[in-house]
Amino acid sequence: MLTFLEQLDKGTLWHSPGGIHPPELKTLSNQTAISSLPLLSRFIVPVPLVGQQATLSVKVGDKVLKGQRLTDGVGFTYLPVHSPSSGTVVAIEQHTSNHPSSLPVLSCIIEADGQDTWCELEANQLEQLSKTAILEKIKQAGIAGMGGAAFPSHVKLNPASEIDLVIINGVECEPYISADDRLMREHSDEILAGVSIIEHLLNPQRIVIAIEDNKPEAAQAMQSAITRSSLPNDMVRVTVIPTKYPSGGEKQLIQIITGKEVPSSAIPSQLGIVMHNVGTAYAIQDAVLHGKPLIERVVTLTGERVDKPGNYWLRIGTTVADALGQVSFKPERSQKVIVGGPMMGYALADLDVPILKGTNCLLAPSKAEIAPDQDEKACIRCGECAIACPALLLPQQLFWHAKAEEYDKAASFNLKDCIECGCCSYVCPSDIPLVEYYRVAKSALKNAAEEKLQAEQAKLRFETRLQRLEDEKNAREEKSKQAAAKRQANMNSGDKDAVAAAMARIAAKKAQTQDATTGSDSVATPDTEKVAIDSSTKKKAAVSAAIERAKAKKAALAAQSQQIDQDTVTNDADKHIEPINDKKAQIASAVARAKAKKATLANEHIQPADTVAVDVNTPLNDTYTTESVAPVDDKKAKIAAAVAKAKAKKAALANESASVSTVLNNDATIQTSTEVEVFDTNNPIDDKKARIAAAVAKAKAKKAVLANESASVSPVLNNDATIQTSTEVEVEVIDTSNPIDDKKAKIAAAIAKAKAKKLANSAKQEEQ
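All residue numbers here refer to positions counted from 1 along the written sequence of the relevant chain. Local features in a predicted model are, by the rule used here, given only for residues with pLDDT of at least 70; side-chain atom pairs are given and counted only at 80 or more, and totals for whole chains, interfaces and linings are based on all residues. Values shown for side chains rest on all heavy atoms present in the structure; no hydrogens or waters enter the calculation.

1. Focus on the overall build of the chain
Alright, step 1. Numbering of helices and strands runs from the N terminus, with a helix taken as a DSSP run of H or I at least four residues long and a strand as a DSSP run of E at least two residues long. Across its full length, the chain holds 20 helices and 21 strands.
Alright, step 2. When burial is assessed residue by residue, the chain has 41% of its 768 residues classed as buried.
Alright, step 3. Put simply, of all contacts in the chain between residues at least 6 apart along the chain, 75% involve residues at least 24 apart. Here the term buried applies to any residue with accessible area under 20% of the maximum for its type, exposed to any over 50%, and partly exposed to those in between, with areas from a 1.4 Å probe on protein chains only. Contact between two residues is taken to exist if any of their heavy atoms lie within 4.5 Å; hydrogens are not considered.

2. A closer look at the side chain of Thr258
Alright, step 1. Tracing the chain through its elements places Thr258 in helix H7 (residues 250-258).
Alright, step 2. A distance of 2.6 Å separates a polar atom in the side chain of Thr258 from the backbone oxygen of Ile254.
Alright, step 3. Polar contacts, as used here, are pairs of N or O atoms within 3.5 Å; protein pairs need one atom able to donate a hydrogen and one able to accept it. Residues neighboring in sequence count only if both atoms are side-chain atoms. At a separation of 3.2 Å, a polar atom in the side chain of Thr258 contacts the main-chain amide nitrogen of Lys260.
Alright, step 4. Excluding residues that lie within four positions of it along the chain, Thr258 makes contacts with Phe4, Leu8, Trp14, Leu165 and Ile273.

3. A look at the sheet that holds strand E14 (residues 338-339)
Alright, step 1. Whether two strands pair comes down to DSSP finding at least two bridges between them. Pairing within the open sheet is mixed, and its six strands lie in the order E1-E13-E12-E16-E14-E15. Only two strands of the sheet have a single partner each, and these edge strands are strand E1 (35-36) and strand E15 (346-347).
Alright, step 2. Pairing analysis gives two bridges linking E1 to strand E13 (residues 310-315), with the strands arranged parallel. Across the sheet, residue Ser36 finds its bridge partner in E13, namely Trp313.

4. Re helix H14 (residues 434-490)
Alright, step 1. To estimate how far a helix should reach, multiply one less than its number of residues by 1.5 Å. Between its first and last C-alpha atoms H14 spans 84 Å; for 57 residues at 1.5 Å apiece the expected length is 84 Å, and the two agree.
Alright, step 2. Every buried residue of H14 is listed here: Leu434, Val435, Tyr438 and Ala441.

5. What about the packing of helix H2 (residues 131-140) against helix H5 (residues 188-202)?
Alright, step 1. Where H2 meets H5, the closest approach of the two axes is 10 Å, and the angle between their N-to-C directions is 130 degrees. Judged by the angle between their axes, H2 and H5 are oblique. Here H2 and H5 pass one another in a crossing that is left-handed. Where H2 abuts H5, its residues Lys131, Ile134, Leu135 and Ile138 lie against Ile197, His200 and Leu201.
Alright, step 2. Any residue outside Ala, Val, Leu, Ile, Met, Phe, Trp, Tyr, Cys, Pro, Asp, Glu, Lys and Arg is labelled polar, Gly included; the first ten of those are nonpolar and the last four are charged. Class assignment for the residues of the contact of H2 with H5 results in five nonpolar, one polar and one charged. Geometry is summarised by axes, namely lines fitted to C-alpha atoms with helices restricted to the contacting stretch, and by angles between N-to-C directions that run from 0 to 180 degrees. Roughly parallel here means an angle under 35 degrees, roughly antiparallel means over 145, roughly perpendicular means 65 to 115, and every remaining angle is called oblique. Working rule for handedness: look at the near helix, and if it is turned counterclockwise from the far one by less than a right angle, call the crossing left-handed; if clockwise, right-handed.

6. Some points on the pattern of salt bridges
Alright, step 1. Take a side-chain nitrogen of Lys or Arg and a carboxyl oxygen of Asp or Glu: if they are within 4 Å of each other, that pair is a salt bridge. Considering all chains together, one arrives at 23 salt bridges under this definition.
Alright, step 2. A salt bridge links Glu250 to Lys156; the shortest N-O distance between them is 3.9 Å. A residue pair is termed long-range when its members are at least 10 positions apart, and Glu250 in helix H7 and Lys156 in helix H3 (residues 153-156) qualify at 94 residues.
Alright, step 3. The class of Glu250 is partly exposed, set by a relative accessible area of 32%.

7. Some thoughts on the nonpolar core
Alright, step 1. With 46 residues, the main nonpolar core has Ile191 and Ile209 as its most contacted residues.
Alright, step 2. Secondary-structure elements contributing two or more residues to this core are H2, strand E8 (165-169), helix H4 (179-186), H5, strand E9 (206-212), helix H6 (216-228), strand E10 (236-241) and helix H8 (278-290).
Alright, step 3. Residues contacting Ile209, with those up to four places away along its chain left out, are Ile168, Leu192, Met222, Ile226, Val236, Arg237, Val238 and Thr239.
Alright, step 4. As used here, the term nonpolar core means buried Ala, Val, Leu, Ile, Met, Phe, Trp, Tyr and Cys residues forming a set that is joined through side-chain atoms within 4.5 Å. Among the nonpolar cores identified, the runner-up in size contains 22 residues, and Leu165, Cys173, Tyr245 and Ile256 belong to it.

8. Overview of the packing of H2 against H8
Alright, step 1. Put simply, H2 and H8 touch, their axes get as near as 9 Å, and they point 115 degrees apart. Accordingly, the angle class assigned to the pair H2 and H8 is roughly perpendicular. Judged by the twist between their axes, the crossing of H2 over H8 is right-handed. Residue-level inspection shows Ile134, Lys137 and Ile138 of H2 in contact with H8, the latter providing Ile284, Ala287 and Val288.
Alright, step 2. Tallied by class, the residues present in the contact of H2 with H8 amount to five nonpolar, no polar and one charged.

9. Description of the sheet that holds strand E4 (residues 63-64)
Alright, step 1. Reading across the sheet, the four strands line up as E2-E7-E6-E4 and stay open at both edges, with antiparallel pairing between neighbours. The open sheet is flanked by strand E2 (42-46) and E4, the only strands paired with a single partner.
Alright, step 2. Sheet topology places strand E6 (residues 87-96) next to strand E7 (residues 104-112); nine bridges connect them, and they run antiparallel. Opposite Thr96, over in E7, you have Pro104 as the bridge partner.

10. Brief notes about the confidence of the model for the chain
Alright, step 1. Per residue, pLDDT measures the predictor's confidence, with a range of 0 to 100. Overall, the prediction assigns the chain a mean pLDDT of 78, with 71% of residues at 70 or greater.
Alright, step 2. Per-residue pLDDT stays below 50 along residues 563-581; that stretch engages in 25 contacts with residues further than four places along the chain or on separate chains.
Alright, step 3. Throughout residues 655-686 the model reports pLDDT below 50, and contacts reaching past four residues in sequence, or to other chains, amount to 78 contacts.

11. Comments concerning the packing of aromatic side chains
Alright, step 1. Only centres within 6.5 Å qualify two rings of Phe, Tyr or Trp (six-membered ring in Trp) as a pair; their planes then separate them into stacked at under 30 degrees, edge-to-face at over 60, and tilted for everything else. For the structure shown, the criterion picks out two aromatic pairs.
Alright, step 2. Measuring from centroid to centroid gives 5.0 Å for Phe399 and Tyr437, while their planes differ by 80 degrees, and the two rings are edge-to-face. Of the two residues, Phe399 is situated in helix H11 (residues 395-403) and Tyr437 in helix H14; the sequence distance between them amounts to 38 residues.

12. Details of a negative patch on the surface
Alright, step 1. Together, Glu470, Asp471, Glu477 and Glu478 give the surface a local cluster of negative charge.
Alright, step 2. Take Glu478: it is sitting in helix H14.
Alright, step 3. What makes Glu478 partly exposed here is its relative accessible area of 41%. The patches described consist of residues with a relative accessible area above 30% and no salt bridge, like charges being joined within 9 Å and nonpolar side chains (Val, Leu, Ile, Met, Phe, Trp, Tyr) within 5 Å. Areas reported as accessible are Shrake-Rupley estimates using a 1.4 Å probe. Residue values count occlusion only from the protein chains shown. In this charge count, Lys and Arg are treated as positive and Asp and Glu as negative; neither His nor the chain ends contribute. To locate a charge, the coordinates of NZ of Lys, CZ of Arg, CG of Asp or CD of Glu are taken.

13. Details of the pairing of E8
Alright, step 1. In terms of burial, E8 is a largely internal element, five of the five residues being buried.
Alright, step 2. Alternating positions in E8 separate into two faces, Leu165, Ile167 and Asn169 on one and Val166 and Ile168 on the other, with burial throughout.
Alright, step 3. As paired strands, E8 and E9 are joined by five bridges and run parallel to one another. For Ile167, the partnering residue across the bridge sits in E9 and is Val208.
Alright, step 4. In the sheet, E8 pairs with strand E11 (residues 273-277) via five bridges, with the strands oriented parallel. Each bridged residue has a counterpart across the sheet, and for Ile168 the counterpart in E11 is His276.

14. Thoughts on the environment of Gln397
Alright, step 1. Tracing the backbone through its elements, the reader meets Gln397 in helix H11.
Alright, step 2. Taking the C-alpha atoms as reference, Gln397 lies 9.8 Å from Ala386; in sequence the two are 11 residues apart.

15. Looking at H4
Every α-helix carries 3.6 residues per turn, so stepping three or four residues along brings you back to the same face.
Alright, step 1. Of all eight residues that make up H4, six are buried, and the element is covered over most of its length.
Alright, step 2. Among the residues of H4, those classed as buried are Ala179, Asp180, Asp181, Arg182, Leu183 and Met184.

So, in structure tokens, the structure goes:
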């Protein structure tokens, strides 16, 4: 049994499934040599990679040279774009693309200056360059597949696996197209030079140049070039294959030459095979040996509406309208212009679009050559499309799912393996444009895949952000713990006690504030009460003393600044005193009655009871103030003590209201009871209160003078008349915002007792 290499050397061929035999119609263009068109004045160079893998290196108004690079980039699949001629960049804008959709793409519009001046080119010998340098020169020259796919050539020339076979594709099976045929006839030596560079990079065991049997001149020219090249004759051979469409497809040609079938979703390099077009080989030798970038290619201009059909060197960026205008294009009404051949090409909606690196033909047919579009009819399930399919697919099922927009089901029938050759549409008796349905389905699947990828990337970014925030939070907490542990380790016992005491004070203060807000009596735990007593007893005592001193000073200043007439004193003992709105009148009446009683007692040498106290509270403080003139004997002290006890009792009963009543009985009992009730309504002290305080102070002074004039008086008690003097001064302050509790009442009582004791001592000293 022959080995694989022996079969290749023998020229063994294998059968390829499917395929058709359409009219070739190549004689319209392959009878003349390749020509060049006159230099045009306007070029449109699309730069679709800008913003993804490349950036523009020129701006509007810049002068450019022929072959100058217009973009910069570093991506693995990045291909630069070059200026097709010298001139000026007049615009960088969105322009209609050379695509079936005619969608606009970013384009650089260059106005040629007519000089066609080259930029600086660097020529090299193959032996002077390393493989890496050769690949870089191919990449920077912008060389892509010239057979139509326009895949970056430097990627295919740097495979990950070992390559055993290189196939140079010169089949060119599409009707009308003869660009590769004429290129092999006229530039076979240059093509072989490019093949030598490919062999230097890949080191294959065999190189096969495949040509259809309808191109005998091209096959002969390539065979002659092999004998003139430096390549070993036993390594390179020309293999002529039968003419059948689409035998020029990559997978189909590999199957014909080697008998191997490239699996679905696989690439030929995984089988140790690499394929390049003859036009690509020519461009590679031009770039590596002469330093020329890919700025022009051979394009077939054909069709009955072209007066000068043939093959021409066209610059990349030349518009279709300008190119056809140079060959006497005579359009008909509703004229079609097709890019590519009649099988795989597409019609243009606008002729002001540029020639691209993958453009190999412009077809301008007459109505006699290509019939007008027919209305689509129902599928009759004849199965001809399945027989003609070279990829062994099921076009009928693909059509049903694509038409129903069930793209996922269409994908399950290996829609991606369709090469869009058009054989199914060609043989369909119902005139169904099957390839158009497949293209729409492929586009929808591609968009769905891109959206899914973007969603996954967005989800990944979101999860990464959440993880980053969580890590930052954990890092902050860990740092705080470490700092706290470090502070605690450096803290001595005294600092720890101070911190504990501070925390206890904060807790006690918080509890006290909460009790005051709710208005309920607070019940403290033993530990909290102990801490509060230890830390605030002295402070409370000092504050209470300061308040008492401030009130006494305020009353003295008010007495000095105000003068009140005290000559009129009325005494009405037969009527009960009703509370009236005029506080000044009520207090003045009480003072007058007390003065009258005191004068009567002094005249009769009866024990005086002469303590009159009026407390006018401040609006926002729960305090009790009692002022009295210093007494002259012990009886005065006893009376002060009685007053203090009465005030303590009054403080305990702060929430009860008092009444003012005075009953004077001339026959039996003389009883004077003065009660002054002041309600705190949170209003500031007015002038009336100041005048009242002054009047009380003057009354006390007058009483002291009368007491000094009287001698020691013994109390006289008889059966007919009992004189009982009881002076009670009760001042009630009702604060609607802060209720008085038992603790404050006890404090007020203690203060009153201390004042009484002090007055008694002062009286004894004066007697001495």
